[in-house]
Amino acid sequence: MSKIAVIGSNMVDLITYIERMPAQGETLEAPGFALGCGGKGANQAVAAAKLGGDVLMLSKVGDDMFADNTLANFQRFGIDTRYVQRVPGVSSGVAPIFVQADSHNSILIVKGANAHLLPVDIDAATADLRDCSLIVLQLEINLATVYYAIEFGRKHGIPVLLNPAPALSGLSAEHLAQLDFLVPNESELALITGQVVDSVQAARAAARTLVASGIRHVIVTLGQAGALYVGEEGEFQVDGLCVEARDTTGAGDAFIGCFVRHWSRDGDIRQAMQQAVAYSAHSVTGLGTQTSYPDLETFARFQQQS
C-alpha cells in the first residue's frame, strides 16, 4: 500500500456553538461547546487514515496537556508518529472555532508549536519520506518549510499536493509551478491568481492560468457545487451532493484526505474526486472536524443511500 506523507499542522479545536457572534463588549450565553483534535494537516491525515490509508505525519506538538492527547489521537487511527515531536516550553497549536446555527463558522488560529516545524525536520525524515507516494502540505506551518518540502519532493521525484489554506497572498510562483496538485477553494484561488472567482466559469478561467504556469493538476473545491478539475487530464466538474449541513468545519480537509487516499492507491483523479466530494458532504452532516469524518464502513453505507 502506498504511504502518504502529511507535513503540516495539528491543533486543538475549541468549538463553541453559538446563535450569533457577540458585539464588542457584549457577553452572550452559548448553547454548546466541544473539545477536539484538529489542525489542517492532522485533519487530512486522519481522514486518509480512517479510509485505510497508510499515513506518515510530520508535525510538532507543545509542552502542555494537549500534546499527549494529540499523539494518542494520531496513534488511535494508525498514523505513524515517529516524526511528531514535542517542543519544550511552547504551547500546542489551538483553534477557537465558532459555529453558528446556519452551520457557518469563524475560526481563529494560534500556531504554537506548529511554527517550530522546520526544514531540518524534513531532512531528518528523508529516508522515510523517500518511500512515500505523495507529500501533502497546507499553510498552517512556516512558509519556508512548505517551500522546502516542495523542493524536496521535486528533488526526490515525489508528487506534492498543496492545499493553500489558510489563504495567504504573495505565494512564490516559482514554488507553485513545481506542484503536482494545487487544491484551493474559490476564495483561495482568487487570492492566488488575483482574479475574481464568482462562478464555476470564473474558477475554470483562473485555474487555467495556474496550469499554464506549470502546475500539473488544479482541483478547486466548490462547496455544495462539488469540485472542478483543470489540468493535464482536461477539464471536468464533479457535482456535489445535497445534504443537510450541521457543521461545515473541516469539510475541505475531509475532501483532501479522501482524495489523497484514493489517488495514491490507483492514480485515478476523477474517481478520487468523486469519492472526495461524497466524503466531504458526509462530513458536514456531523459536528466537529475529525469526529465528523466517517470510517470505511460508515462511508460505504452513506454512498449506498445517496
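Residues numbered from 1 in each chain as written. Predicted model: local features only at pLDDT ≥ 70, side-chain atom pairs only at ≥ 80, totals over all residues. Heavy atoms only, no water.

### Description of the UniProt feature "site: Important for substrate specificity" (unreviewed entry) in the protein
Phase 1: Taking the UniProt record as the reference, the feature "site: Important for substrate specificity" (unreviewed entry) is found at Met11.
Phase 2: Structurally, Met11 can be placed in strand β2 (residues 11–17).
Phase 3: Apart from residues no more than four positions distant in its own chain, Met11 is found in contact with Gly36, Cys37, Gly38, Gly39, Gly93, Val94, Ala95, Ile109, Val110, Lys111, Asn114 and Glu140. (UniProt positions renumbered as here; feature names shortened; annotations may be inferred. Helix = DSSP H or I, 4+ residues; strand = E, 2+ residues; numbered from the N terminus. Contact = heavy atoms within 4.5 Å.)

### Brief notes about the sheet that holds strand β12 (residues 227–231)
Phase 1: A sheet is described by the order of its strands in space; here nine strands give the open sequence β5-β4-β1-β8-β9-β10-β11-β12-β13, paired in mixed fashion. Both edges of this open sheet fall to β5 (80–86) and β13 (234–238), since each of them pairs with a single strand only.
Phase 2: The sheet strands contacting helix α1 (residues 40–50) are β1 (3–7), β4 (54–61) and β8 (132–137), and the helix crosses β4 at an angle near 160°. (Pairing = 2+ DSSP bridges. Axes fitted to C-alpha atoms, helices over the stretch in contact; angles between N-to-C directions.)

### Here's the deal with the side chain of Asp13
Phase 1: When you line up the elements, Asp13 lands in strand β2.
Phase 2: It is Lys40 that comes nearest to the buried, bridge-free Asp13 among opposite-charge side chains, at 10.0 Å.
Phase 3: A distance of 2.8 Å separates a polar atom in the side chain of Asp13 from a polar atom in the side chain of Thr289.
Phase 4: With sequence-adjacent residues up to four places away left out, Asp13 is seen in contact with Ala34, Leu35, Gly36, Cys37, Gly38, Gly39, Ala95, Ile97 and Thr289. (Buried < 20%, exposed > 50% of the residue type's maximum accessible area, 1.4 Å probe, protein only. Lys, Arg positive; Asp, Glu negative; His and termini not counted. Salt bridge = Lys/Arg side-chain N within 4 Å of Asp/Glu carboxyl O. Polar contact = N/O pair within 3.5 Å; in protein donor to acceptor, adjacent residues only side chain to side chain.)

### What about the pattern of salt bridges?
Phase 1: Tallying each qualifying case throughout the model produces twelve salt bridges.
Phase 2: Across the pair Glu26 and Arg20 runs a salt bridge whose closest N-O atoms are separated by 2.6 Å.
Phase 3: For Arg20, a relative accessible area of 42% translates into the label partly exposed.
Phase 4: Residues Asp80 and Arg82 are paired through a salt bridge, measuring 2.7 Å at the closest nitrogen-oxygen approach.

### Overview of the packing of aromatic side chains
Phase 1: For the structure shown, the criterion picks out six aromatic pairs.
Phase 2: Summarising the aromatic geometry, the rings of Phe181 and Phe259 are spaced 5.5 Å apart at their centres and angled 70° between planes, so their arrangement reads as edge-to-face. Placement of the pair is Phe181 in strand β10 (residues 181–182) and Phe259 in helix α9 (residues 251–266), with a sequence separation of 78 residues.
Phase 3: A residue is classified by how much of its surface remains accessible, and Phe181, at 2% relative accessible area, is buried.
Phase 4: Relative to Trp263, the ring of Phe181 has its centre 5.0 Å away and its plane inclined at 75°; by these criteria the two rings are edge-to-face. Here Trp263 lies in helix α9 and Phe181 lies in strand β10, a separation of 82 residues in the sequence.
Phase 5: On the accessibility criterion, Trp263 (17% relative accessible area) is buried.
Phase 6: Positioned over the ring face of Phe236 is Arg270, at 3.9 Å from the centre of the ring. (Phe/Tyr/Trp six-rings, centres within 6.5 Å; stacked < 30°, edge-to-face > 60°. Lys NZ or Arg CZ within 6 Å of the ring centre and 35° of its normal.)

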